[in-house]
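Observations on the three-dimensional arrangement
Here is what each chain is made of, one letter per residue.
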Amino acid sequence: MAPCTCTFLLLLLVGLSQWGRGCCMATPPEVPGRAVSFHGPAAPFSIPQDTLIFPEHGHSLRRQKRDWVIPPIICPENDRGPFPKKLVQIKSNKDKETKVFYSITGQGVDIPPVGVFIIERETGWLEVTEPLDREEKDKYVLYSHAVSANGQPVEDPMEIIITVTDQNDNRPVFTQAVFHGSVLEGAEPGTSVLRVLATDADDAVNSNNGVVSYSILSQVPEKPQPGMFTIDSSSGLVSVAMLGLVAQEVPEYTLEIQAADLGGYGLRATATVRIAVQADDMSEVGNGTLTTHVLNTATGLPAAGLVVRLAQLQEPGPQWMELAQRHTNADGRCQPLLAPGQAKSGTYKLHFETAEYWQGLGLTSFYPFVEVVFIISDPAQKLHVPLLISPYSYTTYRGS
């Protein structure tokens, strides 16, 4: 990148001119009512295009505080150098009257990360000393100073903003390697199953580098036909696409999901989705001795795809024996954890994998899991244990 020179003339009674569009890509907004040339009684005085003139401060000749205002300097990340590399030249018109020396302070100079930017003391060339990383820091705020040989300031400090532009140097990352979900057999097309999530550290606001698009690469088994499920390319919501889900025929499907940045045409990553097909005769709460229902109180929606495990305390103990593992469906429910006649008197524990669930939504959880320990004294009685969760709290009770 070729260096560009920015000259600052200190002229009273003259407005702000345009900033030249040089290699640093600094382009200011238009300023209504500002003069771009000065016409005196003798000959017209034209302001160079690559010149920034101080704002008009009235006709008084007494000294007033003035700010140097320049648009951001745009620098791409991952520049190969060589370093140090010139960015822009800071120059005061006072150098026509006295020897001027330049210095800089601020982020990347004397505030961590220290030493990223330097300035040539006599020429005013601002330089970068190493490649920049937008994902570590996307903007630096510096202040340039101009002093005379005796150390006295000849200008007020000027704010310089260096904006680091993005390159597509990060691929999407799924929040989980394996996502779990469940759906009732015979579910209609459009039925929601679960949502996957991949994040991308690149810029998704000013570019498409961090814009992730989802797709399904494969379905195993391809029964009764391929394409039984579909995924929303923007939200990552997996839904039923066709009729024909039968638990006895295919109890579980495995999908390979792809996330690609640049709106689907850039760097890629894959994850696995396992979808359990629940038999219709086990879907109702009343058909089992022990059931649960999980609600996401942050959204008011059922918590789909959450792993639930049931264990029983063994004697002599304490030792826990796992009896069942389920995944909640789009309604936040799962197949009964104890079938009719399976329950026995004793102490049981429901283990909910809440951290994995919140990670799948791009959130963190204060509780890595939730465990509910309870006693079954009457094996013939049906028991329902709901769970209400948020990233920072949970509530449970005996339901009906």
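This is a predicted model, so every value here is computed, not measured.

Each helix and strand in the protein was counted, giving 1 helix and 28 strands. Accessible surface computed for the protein: about 20,700 Å², of which carbon and sulfur atoms make up 52%.

Before going further, it helps to examine the packing of aromatic side chains. Tallied over the full model, the rule gives 8 aromatic pairs. Centre to centre, the rings of Phe 117 and Tyr 140 are 5.0 Å apart; their planes meet at 75 degrees, and the pair counts as edge-to-face. With Phe 117 in strand 8 (residues 117–119) and Tyr 140 in strand 10 (residues 139–148), this pair connects stretches of sequence that are 23 residues apart. For the pair formed by Phe 117 and Tyr 140, the shared burial category is buried. Ring centres 5.0 Å apart and planes at 85 degrees place the aromatic pair Phe 366 and Tyr 367 in the edge-to-face group. On the accessibility criterion, Phe 366 (57% relative accessible area) is exposed. For Tyr 367, a relative accessible area of 28% translates into the label partly exposed. The aromatic ring of Phe 101 is capped on one face by Arg 121, whose charged end is 4.2 Å from the ring centroid.

Before going further, it helps to spend a moment on the pattern of salt bridges. Following the criterion strictly, the structure yields 10 salt bridges and no others. The residue Lys 91 makes a salt bridge to Asp 95 at a minimum N-O spacing of 2.8 Å. The salt bridge involving Arg 134 is made with Asp 166; its shortest N-O contact spans 3.0 Å. Residue Arg 134 is located in the loop between strand 9 (125–128) and strand 10, and its partner Asp 166 is located in the loop between strand 11 (158–165) and strand 12 (173–174); the two are separated by 32 residues in the primary sequence.

Moving on, we come to the side chain of Gln 278. Secondary-structure assignment places Gln 278 in strand 20 (residues 268–278). A polar side-chain atom of Gln 278 sits 3.2 Å from a polar atom in the side chain of Ser 182. In contact with Gln 278, not counting residues within four places along its chain, are Ser 182, Val 183, Leu 184, Glu 185, Ala 247, His 327, Asn 329, Arg 333, Cys 334 and Gln 335.

What follows is about the environment of Pro 221. Structurally, the position occupied by Pro 221 is in the loop between strand 16 (213–220) and strand 17 (229–231). A C-alpha to C-alpha distance of 8.5 Å links Pro 221 and Glu 252, two positions 31 residues apart in sequence. Other than its neighbours up to four places away in sequence, Pro 221 contacts Val 250, Glu 252 and Tyr 253.

Of note, the amide linkage connecting Phe 83 to Pro 84 takes the cis form, showing an omega dihedral of -5 degrees. By the secondary structure assignment, Pro 84 is in the loop between strand 5 (73–76) and strand 6 (85–92). With an omega of 0 degrees, the peptide bond between Pro 112 and Pro 113 qualifies as cis. Its location among the elements puts Pro 113 in the loop between strand 7 (100–106) and strand 8. Positive phi, close to 60 degrees, is recorded for Asn 78, a residue that is not glycine. Considering the arrangement of structural elements, one finds Asn 78 in the loop between strand 5 and strand 6. A relative accessible area of 30% means that Asn 78 is categorised as partly exposed. Its identity is not glycine, yet Leu 262 carries a phi of approximately 55 degrees, on the positive side.

What follows is about the confidence of the model for the protein. On average, residues of the protein carry a pLDDT of 80, and 80% of them reach 70 or more. Throughout residues 1–69 the model reports pLDDT below 50, and contacts reaching past four residues in sequence, or to other chains, amount to 132 contacts.

So, about the sheet that holds strand 13 (residues 178–184). Pairing within the open sheet is mixed, and its 4 strands lie in the order 13-20-19-16. Two strands in the sheet have a free side with no partner beyond their single neighbour: strand 13 and strand 16. Between one strand axis and the next, the sheet turns by 30 degrees as a mean value, whatever way the strands run. Direction of pairing for strand 19 (residues 252–260) relative to strand 20: antiparallel, over a ladder of 9 bridges.

Pairing geometry for strand 13 and strand 20, over 7 bridges, is parallel. Its bridge partner lying in strand 20, Ser 182 is registered against Ala 276.

Parameters at a glance
- Residues numbered from 1 in each chain as written.
- Predicted model: local features only at pLDDT ≥ 70, side-chain atom pairs only at ≥ 80, totals over all residues.
- Heavy atoms only, no water.
- Helix = DSSP H or I, 4+ residues; strand = E, 2+ residues; numbered from the N terminus.
- Areas by Shrake-Rupley, 256 points an atom, 1.4 Å probe, with all protein chains shown as cover.
- Phe/Tyr/Trp six-rings, centres within 6.5 Å; stacked < 30°, edge-to-face > 60°.
- Buried < 20%, exposed > 50% of the residue type's maximum accessible area, 1.4 Å probe, protein only.
- Lys NZ or Arg CZ within 6 Å of the ring centre and 35° of its normal.
- Salt bridge = Lys/Arg side-chain N within 4 Å of Asp/Glu carboxyl O.
- Polar contact = N/O pair within 3.5 Å; in protein donor to acceptor, adjacent residues only side chain to side chain.
- Contact = heavy atoms within 4.5 Å.
- pLDDT = per-residue confidence, 0-100.
- Pairing = 2+ DSSP bridges.
- Axes fitted to C-alpha atoms, helices over the stretch in contact; angles between N-to-C directions.

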